Amino acid sequence: MSKASLNVLLVSASLFADKGNSRALATSFLSALEASGQPFQLTHHDLVERDLPHLDGVEMQAWMTPADERSAEQRKLAALSDGFLAELREADLLVVAAPLYNLGLPTQMKAWFDRVLRAGETFRYTEMGPSGLLEGKQALVLAARGGMYAGSELDSQTPHLKSMLGLMGITEQHFIYAEGLNMGDEQKVGALSEARTNIANYVDAL
Ligand SMILES: Cc1cc2nc3c(=O)[nH]c(=O)nc-3n(C[C@H](O)[C@H](O)[C@H](O)COP(=O)(O)O)c2cc1C
């Protein structure tokens, strides 16, 4: 276990706020990290709580305008994505507490990715295709799902997350699933317990 302070950035987006299963997994992770004695700093955004809006053209145009030419409104708009980018650059570990909604990510979480996946900032286009600009980070995805999808063709969320993280250069990725959470109490209790064991093992290996 490294003793240098770990900078953790947690993004969550459950419609059930702190009662959500993905938030429960994130809480288990933070408790395990605390218990491990690893010093860490945490930045947490609950993207539903802050009602993160969809990215629109006016906001995107603000990023594309050189900083010294931005209007007051553009400066305010650009500050949102620039702030998320600065946090991500500083993070050692990105924790994504990911509910599965309609086979994908919550729309507010997609809106966060839309603001950090910026060409010229977190990746760049080259003759060989896109290349990630973030280095030395890892991501932990804590996925909560009503049904069972991991490892099957129906799991469209995992490849989407892998591609978005990989595009930015975050190639060290760990996925922990709690699945079948809407398939009866026994299944739910077992899945959450297995996920907690996997979280504890992940923290041990940090
Ligand atoms: C709007 C909505 C859509 C959902 N869509 C799916 C789905 O496509 N597949 C699935 O397995 N579970 C689905 N579920 C169940 C969630 O994956 C499950 O409730 C899980 O616990 C979500 O994480 P959370 O509790 O942190 O919000 C859905 C739940 C909601 C509220």
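This text follows the structure it describes.
Model, not experiment: these values are computed from the prediction. (Residues numbered from 1 in each chain as written. Predicted model: local features only at pLDDT ≥ 70, side-chain atom pairs only at ≥ 80, totals over all residues. Heavy atoms only, no water.)

Trainee: I'd love a proper account of the nonpolar core, names of residues and values included.
Mentor: Ranked by size, the top nonpolar core spans 31 residues in total, and within it Leu94, Trp112 and Phe113 carry the most contacts. Only strand 1 (6–12), helix 3 (72–90), strand 3 (93–99), helix 4 (107–116), strand 6 (138–144) and helix 5 (157–167) provide two or more residues apiece to this core. No other element matches the five residues that helix 4 contributes to this core. If we ignore the near neighbours within four places in the chain, the residues touching Trp112 are Leu9, Val11, Leu47, Leu52, Phe84, Leu88 and Leu94. (Core = buried A, V, L, I, M, F, W, Y, C linked by side-chain atoms within 4.5 Å. Buried < 20%, exposed > 50% of the residue type's maximum accessible area, 1.4 Å probe, protein only. Helix = DSSP H or I, 4+ residues; strand = E, 2+ residues; numbered from the N terminus. Contact = heavy atoms within 4.5 Å.)

Trainee: Which residues make up unusual backbone geometry, and what are the values?
Mentor: Its identity is not glycine, yet Ala17 carries a phi of approximately 50 degrees, on the positive side. Secondary-structure assignment places Ala17 in the loop between strand 1 and helix 1 (21–36). Notably, Asp51 is not glycine yet its phi reads approximately 55 degrees, a positive angle. Here Asp51 is to be found in the loop between strand 2 (40–46) and helix 2 (57–64).

Trainee: A description of the layout of surface pockets should follow, citing residues and the corresponding values.
Mentor: Approximately 290 Å³ is the volume attributed to the largest pocket. Contributing to the lining of the largest pocket are 19 residues, with Leu100, Tyr101, Arg145, Gly146 and Asn182 lying nearest its centre. Its residues placed into classes, the lining of the largest pocket shows eight nonpolar, eight polar and three charged. (1 Å grid on protein atoms, 1.4 Å probe; cavity = no way out; pocket = protein on both sides within 12 Å on 5 of 7 lines; lining within 4 Å. Points joined across faces, edges and corners; volume = space filled by probe spheres on them. Nonpolar A, V, L, I, M, F, W, Y, C, P; charged D, E, K, R; others polar.)

Trainee: Before we move on, could you go through the site of the ligand and cite the residues and values that matter?
Mentor: Near the ligand you find 17 residues, and of these Ser14, Ser22, Leu100, Tyr101 and Gly147 are the closest. Here Asn21 contributes a backbone N or O atom positioned 2.8 Å from an oxygen atom of the ligand. Protein contact buries 80% of the 620 Å² of open area that the ligand shows by itself. Most atoms of the ligand, that is more than half of them, are within 2 Å of grid points of the largest pocket. (Near = heavy atom within 4 Å. Polar contact = N/O pair within 3.5 Å; in protein donor to acceptor, adjacent residues only side chain to side chain. Areas by Shrake-Rupley, 256 points an atom, 1.4 Å probe, with all protein chains shown as cover. Sits in = over half its atoms within 2 Å of the grid points.)

Trainee: Hey, could you go over the side chain of Gln74 for me, with residue numbers and the actual values?
Mentor: On the secondary structure map, Gln74 appears in helix 3. By relative accessible area, Gln74 is classed as buried at 19%. In contact with Gln74, other than residues within four places in its own chain, are Gln61, Ala62, Thr65 and Glu69.

Trainee: With reference to specific residues and values, describe the pairing of strand 4 (residues 123–126).
Mentor: Across a regular strand the side chains alternate sides, sitting on one face of the sheet and then on the other. Here strand 4 pairs with strand 5 (residues 129–132) via four bridges, running antiparallel. From the neighbouring strand, Phe123 faces strand 5, where its bridge partner is Gly132. (Pairing = 2+ DSSP bridges.)

Trainee: Outline the pattern of salt bridges, listing residues and values.
Mentor: What the rule picks out here adds up to ten salt bridges. The salt bridge involving Asp18 is made with Lys19; its shortest N-O contact spans 3.6 Å. The pair formed by Asp18 and Lys19 is uniform in burial state, with each residue classed as exposed. With a closest N to O distance of 3.8 Å, Glu121 and Arg118 form a salt bridge. Take Arg118: its relative accessible area is 6%, and that puts it in the buried class. Ionic contacts of the salt-bridge type, sharing partners, join the residues Arg70, Asp82, Arg89, Arg118 and Glu121 into one network. (Salt bridge = Lys/Arg side-chain N within 4 Å of Asp/Glu carboxyl O.)

Trainee: Could you give me a rundown of the pairing of strand 6, with the residues and numbers involved?
Mentor: Of all seven residues that make up strand 6, seven are buried, and the element is covered over most of its length. Residues Gln138, Leu140, Leu142 and Ala144 of strand 6 are buried on one face, and the alternating residues Ala139, Val141 and Ala143, pointing to the opposite face, are buried as well. Examined bridge by bridge, strand 3 and strand 6 share seven bridges and lie parallel to one another. The partner of Pro99 across the bridge, within strand 6, is Ala144. Taken together, the seven bridges between strand 6 and strand 7 (residues 172–178) define a ladder with parallel strand orientation. Bridge assignment links Gln138 to a residue of strand 7, and that residue is Glu172. Crossover handedness for the path strand 6 to helix 5 to strand 7: right-handed. (Right-handed = clockwise from strand over helix to strand, strands pointing away.)

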